[in-house]
Amino acid sequence: ENYEIYNTLNQGRNPLNGFEIYILPMTIAVISFLLRWIADHTCTSWSQTCKAGSDALSEVYTVGFLFMLIISATRAKQISDTVKRIRKAFVAVSGSGSEKDKNAGKGSKND
């Protein structure tokens with residue numbers, strides 16, 4: 001029971017929880033973009049079928065990318081906080097913030 005409570009609370013703090021919301025629209029948008037690019041470069045200019053298909057694919061990937069933009073904007077603060085925590089952890093692990101580095105820019109008393 002305690003594990004379930006802990007697991008639920010931990011998932012609530014994870015800003016990337018529900019990442020599948022990003023995966024499906026992004027996959028559809030990228031595939032539509034690639035198919036449109038292929039259609040634009042392989043079809044002739046007089047083919048109305050190719051033109052209609054290209055226009056439809058264009059609308060599909062535009063909607064997908066706009067959807068991603070809206071979702072990203074709603075989670076930007078959470079993602080920003082997570083990136084800051086990861087950056088702090090990386091600095092702590094890599095030793096980039098060591099005392100030697102901090103004192104390197106300071107002049108000595110004998111200057």
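Preceding this section is the structure that the text describes.
Residues numbered from 1 in each chain as written. Predicted model: local features only at pLDDT ≥ 70, side-chain atom pairs only at ≥ 80, totals over all residues. Heavy atoms only, no water.

We now examine the overall build of the chain. Per the secondary structure count, the chain includes five helices and zero strands. Moving toward the C terminus, one meets the helices and strands of the chain in the order α-α-α-α-α. Within the span of the chain, comprising 111 residues, buried residues form 14% of the whole. Restricting the contact set of the chain to residue pairs at least 6 apart, pairs at least 24 apart contribute 76%. (Helix = DSSP H or I, 4+ residues; strand = E, 2+ residues; numbered from the N terminus. Buried < 20%, exposed > 50% of the residue type's maximum accessible area, 1.4 Å probe, protein only. Contact = heavy atoms within 4.5 Å.)

We now examine the state of the cysteines. Here is the idea: a disulfide is a covalent bond, and it sits between the sulfur atoms of two cysteines. Within the structure shown, the criterion is met by one disulfide. Disulfide partner of C43: C50, at an S-S distance of 2.1 Å. Across the disulfide from C43 to C50, rotation about the S-S bond amounts to roughly -60°, and the bridge is consequently left-handed. On the accessibility criterion, C43 (28% relative accessible area) is partly exposed. (Disulfide = S-S within 2.5 Å.)

Before going further, it helps to spend a moment on helix α4 (residues 76–94). Between the first and last C-alpha of α4 there are 26 Å, a value that for 19 residues agrees with the 27 Å anticipated at 1.5 Å per step. G95 sits one or two positions beyond α4 and adopts a positive phi of about 80°. (Expected span 1.5 Å × (residues − 1).)

Between side chains of opposite charge, a pair can form as their charged atoms come close. Evaluated as defined, the whole model comprises three salt bridges. Notably, a salt bridge pairs D40 with R36, separated by 3.6 Å at the nearest N-O pair. A residue pair is termed a helical-turn pair when its members lie 3 or 4 positions apart in one helix, as D40 and R36 do in helix α2 (residues 20–42) at four residues. With relative accessibility at 40%, the residue D40 sits in the partly exposed group. (Salt bridge = Lys/Arg side-chain N within 4 Å of Asp/Glu carboxyl O.)

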